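Listed here are the chains, written in short residue letters.
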Amino acid sequence: MAITAPHRTGPTTASGSARRVALGSARRVGYAAALLPASLVTIGAVATGRADRARRWWAAAAGQDPRAAAHQPGPARLLAHALLCVPLGLLALIPIAMEALFVLRGVLYPLVQPGPYTDAWGGPTMGGAWLAHFGVGLPTALAGLGALWLLHRLHARLAGGLWGHRVGLAPVLTTVALLAGGTLLVNAWLHQL
């Protein structure tokens, strides 16, 4: 008689749960990073009569089941939502730029800055300069991922109106405040160049 291991139907360990949380968070960050192109593609899809594809994507981005929703958004509502998500997509460019800077100025620092490293943070050696730039960039990159995750949460709240849920005033005011802050941040950054 052969002894077989018990069959597991899904991860029941803490590591399996952590993996699901990490994958869910990564998916949310990816959706937030794709808000601007998705908005532009939705505008094109509605204009060419392919609103069903856009509806499925927005349902997934908002965590909705389009078949179970009481209210199915029509092309006009999808178009309005896509136009309203363009500013959120523009806001997502800020944390995306933070991630790109971390890769270029943190991870790939020795390739971007060939030396000498005498005046660089962590210098005068290449290893010290790389570690200093990586160490400063890592918390910034984590903050950028957190900002994308929060932008997804804000979008999910705003997208509730697309599916017939009551949105309220708080997500709208938060979006306006973030747009004002993002505009000031980008303006200040451009003027310091």
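Values in this document were obtained by computation on a predicted structure and should not be read as measured data. (Residues numbered from 1 in each chain as written. Predicted model: local features only at pLDDT ≥ 70, side-chain atom pairs only at ≥ 80, totals over all residues. Heavy atoms only, no water.)

**Remarks on the packing of helix H6 (residues 126-159) against helix H7 (residues 170-192)**
Stage number 1. Contact geometry for H6 and H7: axes closest at 9 Å, N-to-C directions at 135°. With respect to H7, the axis of H6 lies oblique. Crossing angle aside, the handedness with which H6 passes H7 is left-handed. Mapping the contact onto sequence places Leu151, Leu154, Arg157 and Leu158 in H6 and Pro171, Val172, Thr174, Thr175 and Leu178 in H7.
Stage number 2. For the contact of H6 with H7, the class distribution of residues is 6 nonpolar, 2 polar and 1 charged. (Axes fitted to C-alpha atoms, helices over the stretch in contact; angles between N-to-C directions. Helix = DSSP H or I, 4+ residues; strand = E, 2+ residues; numbered from the N terminus. Parallel < 35°, antiparallel > 145°, perpendicular 65-115°, else oblique. Left-handed = near helix turned anticlockwise from the far one by under 90°. Contact = heavy atoms within 4.5 Å. Nonpolar A, V, L, I, M, F, W, Y, C, P; charged D, E, K, R; others polar.)

**Observations concerning helix H2 (residues 35-47)**
Stage number 1. For H2, which comprises 13 residues, the first-to-last C-alpha distance of 18 Å matches the rise-based estimate of 18 Å (1.5 Å per residue) to within 8%.
Stage number 2. When H2 is considered as a whole, its buried residues turn out to be Leu35, Leu36, Ala38, Ser39, Thr42, Ala45 and Val46.
Stage number 3. The first or second residue beyond H2 is glycine 49, which carries a positive phi of 80°. (Expected span 1.5 Å × (residues − 1). Buried < 20%, exposed > 50% of the residue type's maximum accessible area, 1.4 Å probe, protein only.)

**Quick look at the pattern of salt bridges**
Stage number 1. One pass over the full model with this rule turns up 1 salt bridge.
Stage number 2. Between aspartate 52 and arginine 55 there is a salt bridge, with the nearest N and O atoms lying 2.4 Å from each other. Taken as a pair, aspartate 52 and arginine 55 lie in helix H3 (residues 51-62) at a separation of 3 residues, close to a single helical turn.
Stage number 3. Classification of aspartate 52 as partly exposed rests on a relative accessible area of 46%.
Stage number 4. A relative accessible area of 14% places arginine 55 in the buried class. (Salt bridge = Lys/Arg side-chain N within 4 Å of Asp/Glu carboxyl O.)

**Here we look at the environment of alanine 54**
Stage number 1. You can see alanine 54 is positioned in helix H3.
Stage number 2. By relative accessible area, which is 7% here, alanine 54 ends up buried.
Stage number 3. Alanine 54 sits 11 residues away from isoleucine 43 along the chain, and the two C-alpha atoms are 8.8 Å apart.
Stage number 4. Apart from residues lying up to four places away in sequence, alanine 54 is in contact with Thr42 and Ala45.

No statement about biological role is implied by the geometric values presented.
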